[in-house]
Amino acid sequence: MKTLLLLILWGTIGNHTTTTGPGDGRIIFENECAKCHGLDGTKGRFGAKNLQKSKLTDAEYLKIVSNGRFIMPAWKKRLTGEQINQVINYIKELKK
Ligand code: HEC
C-alpha cells in the first residue's frame, strides 16, 4: 500500500523531463547538462564553468543547480529534489 502511494506521488509531483532511479546522476548529467558542460564537465559552452575545477560547497551546488545562474537554467522545475542531489553527486565525482 505504501509503495503504491509513493508511485502515485512520483508520477504526479513535478514535471521532470527524465525518468530516473537512484544512482542515475550520470544519465541526468548526460541528458541535461552535458550540452553546455560537456560529458567530462570541461566544455564551457556559453561561458559554463569547468566543473572539474569547481570549488563549491554542497549548499552552493544545490543553490546554483536549483535556481540557475545567468545563462544556466534553473533545474528545480524540471528535476525532482532527488534528481538534483543525484546529479550533484555525479559532478563531484567528475573532479576526481
Ligand atoms: C544552457 C547551458 C547550461 C546547461 C544546460 C547547464 N549549465 Fe551549468 N552552467 C552554465 C553556465 C553558463 C554556468 C556559469 C554561470 C556563471 O556565470 O556563474 C554554469 C555553472 C554551473 C555550476 C557552477 C560551477 C562553479 O564552479 O561556479 C554548476 C555546479 C553547474 N553549472 C551545474 C550544472 C548541472 C548539474 C546541470 C544539469 C542539471 C547544468 N549545469 C546545466 C550553463 C549551463
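Residues numbered from 1 in each chain as written. Predicted model: local features only at pLDDT ≥ 70, side-chain atom pairs only at ≥ 80, totals over all residues. Heavy atoms only, no water.

- Going by what an unreviewed UniProt entry lists, the protein chain is known as Cytochrome c and is assigned to Flavobacterium humi.

Details of the site of the ligand
1) Next: In the vicinity of the ligand there are 22 residues, among which C33, C36, H37, S54 and M72 approach most closely.
2) Next: At a separation of 3.3 Å, an oxygen atom of the ligand approaches a polar side-chain atom of K49.
3) Next: S54 places a polar side-chain atom, nitrogen or oxygen, 2.7 Å from an oxygen atom of the ligand.
4) Next: Among the secondary structure elements, those contributing two or more residues to the shell around the ligand are α2 (25–37), α3 (58–67) and α4 (81–94).
5) Next: With 5 residues, the single largest contributor to the shell around the ligand is α2.
6) Next: Residue composition of the shell around the ligand, by class: 15 nonpolar, 3 polar and 4 charged. (Near = heavy atom within 4 Å. Polar contact = N/O pair within 3.5 Å; in protein donor to acceptor, adjacent residues only side chain to side chain. Helix = DSSP H or I, 4+ residues; strand = E, 2+ residues; numbered from the N terminus. Nonpolar A, V, L, I, M, F, W, Y, C, P; charged D, E, K, R; others polar.)

Quick look at the coordination of the iron atom of the ligand
1) Next: On the protein side, the iron atom of the ligand has H37 (NE2) and M72 (SD) as donor atoms, found 1.9 to 2.0 Å from it.
2) Next: Note that the iron atom of the ligand binds 6 donor atoms; their angles at the metal cover 85 to 180°, and the shape is octahedral. Taken together, the residues H37 in helix α2 and M72 in the loop between α3 and α4 connect sequence positions 35 residues apart.
3) Next: Looking at H37, the relative accessible area reads 10%, which means it is buried. (Donors = N, O, S within 2.8 Å, 3.2 Å for Na, K, Ca; no water. Tetrahedral: all angles 85-135°; square planar, octahedral: opposite > 155°, others 65-115°. Buried < 20%, exposed > 50% of the residue type's maximum accessible area, 1.4 Å probe, protein only.)

Some thoughts on the packing of α3 against α4
1) Next: At a minimum axis separation of 10 Å, α3 and α4 run at an interaxial angle of 120°. In terms of orientation, α3 lies oblique with respect to α4. Remark: the crossing between α3 and α4 carries right-handed chirality. Contacts between α3 and α4 pair D58, Y61, L62, V65 and S66 from the former with I84, N85, V87, I88, I91 and K92 from the latter. (Axes fitted to C-alpha atoms, helices over the stretch in contact; angles between N-to-C directions. Parallel < 35°, antiparallel > 145°, perpendicular 65-115°, else oblique. Left-handed = near helix turned anticlockwise from the far one by under 90°. Contact = heavy atoms within 4.5 Å.)

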